[in-house]
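Okay, here's what each chain looks like letter by letter:
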Amino acid sequence: MQLPRAMAAIALLWGLVLGASALRGHNSGVLQNGLGGNTKQVRKAVSDSREYKTFKLDNGLPVILIKDDESAKSSASMDVHAGSFWDPEDTAGVAHFLEHMLFLGSSKYPKEGMFDKVLAEAGGYSNAYTSADNTNYFFAVSNSKLPNCLDMFAQMFVSPLLSKEATNREVHAINAEHQKNLHSDGWRIDQVKQNLAIEGHPYHHFGTGNNITLMKDVEKSHKALVQLYHGHYCVQNMHLTVLSSLPFSKTEELVRKSFANLSTTCTPENDASVGLGQKMATVKGKDYVPPYSNDVLGSLCKIRTLENMQMITLRWQIPPQQSRWHEKSADYLSNLIGNEGPKSLISHLKTEGLIENLSGGEADSFSMFSSFEVDIELTAKGATKIPHILSAVHNYLALLKAEEWRWKEMKQISLMAFDYKGKESPEDYTSSVASLMRKYDTEDVLFAGSDYRSYNKTAISDLISMLNPENLILIHSAPHKDATAKFQVDKNYGTEYSVEKLPHEYKAAIRGANSLDIHFDLPEVNEFIVTETKVKAIAPQQKAIFNQYKDPAALLIHNDYETPSGSERTLCWWTQDTFSRPHTSLTFSLYKDSVYSCKDMVTAQLFAALATDALAEETDCATSAGYQYSISATSNGIRVGIAGFSQHINKFADLVLKKLAEPSKLLKANRFNAIQTSSKINVENKLLSDPYKLMPSLLSKALDKPIYSSHEILSALRETKFQDVQSFAQTHLRNVVMEAFVFGNADLSDAHMLFSKSKSILKTEAQGSLLHSLPPARMLTTAKLPAGEMRKFRAPPTDLQNPNSCTRVYWQYGEKKSDIEKLYLAAVSAMAHEPCYDTLRTKEQLGYIVSSNSDVRGDVLGFSILVQSPTKPAKFLHERIIHFVSTELDPMVRNYSKKSFENLKKMLSSELMEPPQDSSSIKSMAFAQVAERKYDFGLRSKRIAQIEEMSLDGFKQFYFQLRKGGGISVQLDPTVPAEVLAGTPSKGVKESQLVTNEDLVTELGSWREELESYDMVQPNKLPKSCCHQ
């Protein structure tokens, strides 16, 4: 998979706006169909306002067109039924190699990078991924640019250049991508699962490829990719989806013209010379080809992980479920295994202090086989009790049986989730639909994944019977520090693993499962099943405020600050959803008047984790039916989210809040140690992340305060006791301001009722300055960097085994004086993205991870460029970034033409002109203004108008002032001088400790203390409340 090739840096633009009836299951929409001349009814979601049309080109290519009148972007995706399963045995990565090469020009558009450039100029981007049995390509762009971009996209498949000259460079790009994954335990574990498969089975493969597999015989690798293209990139294996606001007639005309010359004949007869597709040929036409032999089944596989984790996976191979999608047998079992209610498997093992999490379901799903897994995250105690856990799991599995009433409950829940799901981005949606077209008939392509169509008791019973020890591979993923253990080493990731028959004690525990003295129960009838989906009319007050701002807005319907009395300070905001979904959400923000100390922050996070954990059992029925809750710590408080279908939202909110209001009863002392230990492990594992993932915290440590390092957090975690959490809950849930946000399918009466009821349950009281005003939204201050000075810091690695280096260079513009400066920053970011990617990643091959980003901290503006490399030192990366900015960006801006700037403005404007696409975007836009204390609900319209005021001179002036501002270069190498590492452990050194001037050890936090700070951004004045009751 590649990073976005021409992603214009538009995120900031939305950051400027966002800030940080009865059931209608059988009243489906009609998808117009031209396949074979038949018109079929195709099930689409009740809430889906998009129109669909399908047809085949004269050459046989199946197409689905999607007309979305509300989308300002168009997108297309081509899915090809050929992936890494087709790779030759000795040339792994060919399918992935071809994915890369297709982007490097075509006969009609031979200039390399032209597609990326055109997309970037129109605020678009492209991407692709290679899976085991398919490769998927997609792009997104503004509607007006679809005709040209769709033709360029089509030519990638019609006549790609597949130039030999680009071979070495793209193989190095693939190798950099593989290097990025080398230290990911997820990738490493998945590869071991594939290694265990029978040699010669398609599943026994390495899909990504690297320098070793693709460079040992470059001629053969190139020949293989050319043959993969000619042998499998033909219309028989292709499916196309295009989404746009353009009329169907126009989009269909574009598709027919651009894709008419696709190959209609695959030529696989040449594959034998390089071994292409030989594995797939052995399974062709067979219904079930299991990947594992009897020698491997009934085994224990130990995998040595890099992170500190304890995980066991029970993995069973089962017949393919793809052709039996309508029965949903695996989903049925997954729902029962994942039950968290009283007397469930999860509840029992958590109570015993043995596990953190457990989930089960279909893990692999191919036409030749599937697998079913139960993943169990163990506590330290659980790692010593694996036989007992296995016994409990099999005792619970023995309880499972096919029951039609349960299956019908799941059917109803799935139907509701499908009919009222949120909208995906255009590119995510086209990519998903195109990949599903080969799996399902046209009428089922949208709904099949959610369609419980045929209850099959025998199929469920047969699947349960396959979850037996003879068909099991038990995988134990952990550091496994036993030096005497005999591990073999995976040649692709260097993962150490061993395979042995299940130990006798494990077998005995499984055989004796039924004699275990545990009483499990399956869930009762679910009282939260939704049967009513009536949508309430938009209130006149909401219509009026939308007409005023032309954007989502919130009405303040209660404000204690207007008529203060006593010590209660509560506010309530109300926004209705214009997308007619029968969902309601409540957000409660509980604020203190100052930022948390490190100890208080850790205590707040532990409280949130403990409360979330305890509520899982209490709310299992509701969450199974589509209701959700969240509890999180902020820098100065707690935020509680409650959401779900409107029918039962009052009952669900009542359940959650009443439990939270009595923390002494809710919080479980026997879960504290496990959650505290898990929190410490998570912090330690974060230090083992790839360097580019550490850069945000390093830069924040340099710029902001208070910021607490991982080692400060670990120290606070060790000191915190359960009694501290109990005390925190008693005070920090009471002595606060409560700000409520009611969103969705709730009229004014509903909003007042939900707020009043919640207020009476939580009973908050403000203290100190909170009695007079709300605190600032951002409780951090940002450093004023010395103008013209670039301060360099070199951070010791937190994982000495990670070979990657990384550098992030940041330039500070300073505090904004007008809103238009944020738009100039967005323009700089958008302009810089494509050349930054093209130079530092594509041409100089520095590494797979290259990014350029706007940086907004309150009112302080900045810009940064980041590069991670597996081969170059951080100092060199810094030099190349500075060289790129000095020799390419600076001249580019200096010589930027008026025409180019007008195109840049159009790109920014087209992004902002796109209206909210779904309920979540309406909520986000309105809530962001509340949470940031801005209350500028018409901001998007203002930004669009301000774009017209932007001038080329103003843009250049902004850029060069940014370049003259102070800067920081944070550099992280895989190794540092020995004297720096003296006395540090082999893993984990302070990420706050940085090296300046190549040899001087200093504390970055201390350097930050020497600098002046910009003032904290104060809240804007609250609007006058209305709509009282």
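Residues numbered from 1 in each chain as written. Predicted model: local features only at pLDDT ≥ 70, side-chain atom pairs only at ≥ 80, totals over all residues. Heavy atoms only, no water.

### Observations regarding the overall build of the chain
Okay, so step 1: On a plain count of helices and strands, the chain comes out with 36 helices and 29 strands.
Okay, so step 2: Principal-axis analysis of the C-alpha atoms places the extent of the chain at approximately 80 × 75 × 70 Å.
Okay, so step 3: A total of 1029 residues make up the chain; the buried ones form 59% of that total.
Okay, so step 4: When the accessible surface of the chain is split by element, carbon and sulfur atoms take 50% of a total near 39,700 Å².
Okay, so step 5: Here the chain carries 113 positive and 119 negative side-chain charges, and the mean point of each set is 2 Å from the other. (Helix = DSSP H or I, 4+ residues; strand = E, 2+ residues; numbered from the N terminus. Buried < 20%, exposed > 50% of the residue type's maximum accessible area, 1.4 Å probe, protein only. Areas by Shrake-Rupley, 256 points an atom, 1.4 Å probe, with all protein chains shown as cover. Lys, Arg positive; Asp, Glu negative; His and termini not counted. Charge placed at Lys NZ, Arg CZ, Asp CG, Glu CD.)

### Things to note about the state of the cysteines
Okay, so step 1: In the structure shown here, the tally under the stated rule is one disulfide.
Okay, so step 2: Cys-1026 carries a free sulfur, and the closest cysteine sulfur to it, the one in Cys-1027, is 3.1 Å from it. (Disulfide = S-S within 2.5 Å.)

### Notes on the packing of aromatic side chains
Okay, so step 1: Scanning the model with the defined rule gives 36 aromatic pairs in all.
Okay, so step 2: Measuring from ring centre to ring centre gives 5.7 Å for Tyr-896 and Phe-955, while their planes differ by 40 degrees; the resulting arrangement is tilted. Taken together, the residues Tyr-896 in the loop between α30 (874–894) and α31 (898–913) and Phe-955 in helix α34 (residues 952–964) connect sequence positions 59 residues apart. Here Tyr-896 matches Phe-955 in class, with each residue buried.
Okay, so step 3: Through a chain of ring-to-ring contacts, three or more aromatic side chains come together here, namely Phe-103, Phe-115, Tyr-137, Phe-139, Phe-153, Phe-157, Tyr-229 and Tyr-233. (Phe/Tyr/Trp six-rings, centres within 6.5 Å; stacked < 30°, edge-to-face > 60°.)

### Describing unusual backbone geometry
Okay, so step 1: The step from Lys-705 to Pro-706 runs through a cis peptide bond, and the omega angle for that step is -5 degrees.
Okay, so step 2: The backbone of Leu-162 sits at a positive phi, close to 50 degrees, despite the residue not being glycine.
Okay, so step 3: Here Leu-162 is to be found in the loop between α4 (146–158) and α5 (167–181).
Okay, so step 4: Of note in the backbone geometry, Lys-328 takes a positive phi value of approximately 55 degrees without being a glycine.
Okay, so step 5: Along the chain, Lys-328 turns up in the loop between β9 (311–318) and α11 (329–337).
Okay, so step 6: By relative accessible area, Lys-328 is classed as buried at 6%.

### Here's the deal with the packing of α11 against helix α15 (residues 404–419)
Okay, so step 1: With their axes 11 Å apart at the nearest point, α11 and α15 run at an angle of 95 degrees to one another. On the basis of the axis angle, α11 is roughly perpendicular to α15. Touching Tyr-332, Asn-335 and Leu-336 of α11 are Arg-406, Trp-407 and Met-410, all from α15.
Okay, so step 2: Considered class by class, the residues forming the contact of α11 with α15 number four nonpolar, one polar and one charged. (Axes fitted to C-alpha atoms, helices over the stretch in contact; angles between N-to-C directions. Parallel < 35°, antiparallel > 145°, perpendicular 65-115°, else oblique. Contact = heavy atoms within 4.5 Å. Nonpolar A, V, L, I, M, F, W, Y, C, P; charged D, E, K, R; others polar.)

### Overview of the pattern of salt bridges
Okay, so step 1: Within this structure, the stated rule accounts for 55 salt bridges.
Okay, so step 2: We note a salt bridge from Arg-315 to Asp-364, for which the minimum N-O separation is 2.6 Å. Taken together, the residues span a long stretch of sequence, with Arg-315 in strand β9 and Asp-364 in strand β10 (residues 355–365) at a distance of 49 residues.
Okay, so step 3: The class of Arg-315 is buried, set by a relative accessible area of 2%.
Okay, so step 4: For the salt bridge of Arg-940 with Asp-551, the shortest nitrogen-to-oxygen distance reads 2.7 Å. Taken together, the positions of Arg-940 in helix α33 (residues 939–949) and Asp-551 in the loop between α19 (540–549) and β15 (555–559) put the pair 389 residues apart, joining distant regions of the chain. One exposure class covers both Arg-940 and Asp-551, and it is buried. (Salt bridge = Lys/Arg side-chain N within 4 Å of Asp/Glu carboxyl O.)

### Points about the nonpolar core
Okay, so step 1: Grouped together as the largest cluster of nonpolar side chains are 91 residues, with contacts concentrated most on Trp-573, Phe-607, Tyr-627, Ile-631, Ile-642, Phe-652 and Leu-660.
Okay, so step 2: Per-element tally for this core: the top contributor is helix α20 (residues 598–618), with 12 residues.
Okay, so step 3: Those residues within four positions of Tyr-627 in sequence are excluded, and the remaining contacts are Phe-528, Val-530, Ala-622, Ala-643, Gly-644, Phe-645, Gln-647, His-648, Ile-649 and Phe-652. (Core = buried A, V, L, I, M, F, W, Y, C linked by side-chain atoms within 4.5 Å.)

### Points about the sheet that holds β15
Okay, so step 1: The strand order β15-β16-β21-β17-β19-β18 describes an open sheet built from six strands, whose pairing is mixed. Since the sheet does not close on itself, it has two edges, and those belong to β15 and β18 (628–634), each with one partner. Looking at each pair of strands side by side, their axes are set apart by 15 degrees on average, direction ignored.
Okay, so step 2: With four bridges connecting them, β15 and strand β16 (residues 570–576) associate as antiparallel partners. Its bridge partner being in β16, Asn-559 is matched across the sheet by Leu-571.
Okay, so step 3: Here α20 sits on the sheet and contacts β18 and β19 (637–645); the angle it forms with β18, its principal contact strand, is near 170 degrees. (Pairing = 2+ DSSP bridges.)

### Structural notes on the packing of α20 against helix α24 (residues 669–686)
Okay, so step 1: Packing of α20 against α24 leaves a shortest axis separation of 10 Å and a crossing angle of 125 degrees. It follows that α20 is oblique to α24 by the angle criterion. Here α20 runs over α24; the crossing is right-handed. Taken together, the residues of α24 that come into contact with α20 (itself represented by Leu-606, Ala-609, Leu-610 and Asp-613) are Arg-671, Phe-672, Ile-675, Gln-676 and Ser-679.
Okay, so step 2: Residues of the contact of α20 with α24, tallied by class, amount to five nonpolar, two polar and two charged. (Left-handed = near helix turned anticlockwise from the far one by under 90°.)

### Comments concerning helix α18 (residues 504–511)
Okay, so step 1: All of the buried residues in α18 are Tyr-506, Ala-509 and Ile-510. All buried residues of α18 lie within an arc of 95 degrees about the axis, which places them on one face of the element. α18 presents His-504 and Arg-511 as exposed residues on the side facing more than 90 degrees away from its buried surface.
Okay, so step 2: Considering only its buried residues, α18 is in contact with β8 (299–304), α14 (386–397) and β12 (472–478). (Arc of directions from axis to C-beta.)

### Thoughts on helix α27 (residues 722–732)
Okay, so step 1: Among the residues of α27, Phe-722, Val-725, Phe-728, Ala-729 and His-732 are the ones counted as buried. Projection of α27 onto a plane perpendicular to its axis shows the buried side chains occupying an angular sector of 115 degrees, all on one side.
Okay, so step 2: Along its buried surface, α27 packs onto α20, β19, α23 (663–666) and α24.

### So, the sheet that holds β9
Okay, so step 1: The seven strands lie next to each other as β10-β11-β9-β12-β8-β14-β13, forming an open sheet whose pairing is mixed. Looking at which strands have only one partner, the edges of the open sheet turn out to be β10 and β13 (488–489).
Okay, so step 2: Helix-sheet contacts for helix α6 (residues 185–195) involve β8, β9, β11 (370–378), β12 and β14 (496–501), and the interaxial angle to β8 is about 145 degrees.
Okay, so step 3: Its contacts with the sheet place α14 against β9, β10, β11 and β12, and it is angled at close to 40 degrees to β9.

### What to know about the environment of Gly-512
Okay, so step 1: Relative to the elements of secondary structure, Gly-512 occurs in the loop between α18 and α19.
Okay, so step 2: Between the alpha carbons of Gly-512 and Gly-123 there is a distance of 62 Å; along the sequence they are 389 residues apart.

### A few points about the confidence of the model for the chain
Okay, so step 1: Overall, the prediction assigns the chain a mean pLDDT of 90, with 92% of residues at 70 or greater.
Okay, so step 2: Predicted confidence for residues 32–39 stays below pLDDT 50, and this span has 16 contacts to residues more than four positions away or in other chains. (pLDDT = per-residue confidence, 0-100.)

### Re the pairing of β16
Okay, so step 1: In terms of burial, β16 is a largely internal element, seven of the seven residues being buried.
Okay, so step 2: Burial along β16 is two-sided: the face carrying Thr-570, Cys-572, Trp-574 and Gln-576 and the face carrying Leu-571, Trp-573 and Thr-575 are both buried.

### What to know about the pairing of strand β24 (residues 805–815)
Okay, so step 1: Among the 11 residues in β24, 10 count as buried, and that is most of the element.
Okay, so step 2: Here six bridges tie β24 to strand β27 (residues 967–972), and the two strands are oriented antiparallel to one another. Its bridge partner lying in β27, Trp-811 is registered against Gly-967.

### Observations regarding the environment of Val-192
Okay, so step 1: As for its position among the elements, Val-192 is in helix α6.
Okay, so step 2: Remark: the alpha-carbon pair of Val-192 and Ala-827, spanning 635 residues in sequence, is separated by 45 Å.
Okay, so step 3: When neighbours within four sequence positions are excluded, Val-192 is seen to be in contact with Cys-301, Ile-303, Thr-495 and Tyr-497.

### Observations concerning the side chain of Asp-444
Okay, so step 1: With respect to the element layout, Asp-444 can be found in the loop between α16 (426–436) and α17 (457–466).
Okay, so step 2: On the accessibility criterion, Asp-444 (7% relative accessible area) is buried.
Okay, so step 3: Not counting the four nearest positions on each side in its chain, Asp-444 is found in contact with Trp-325 and Arg-453.

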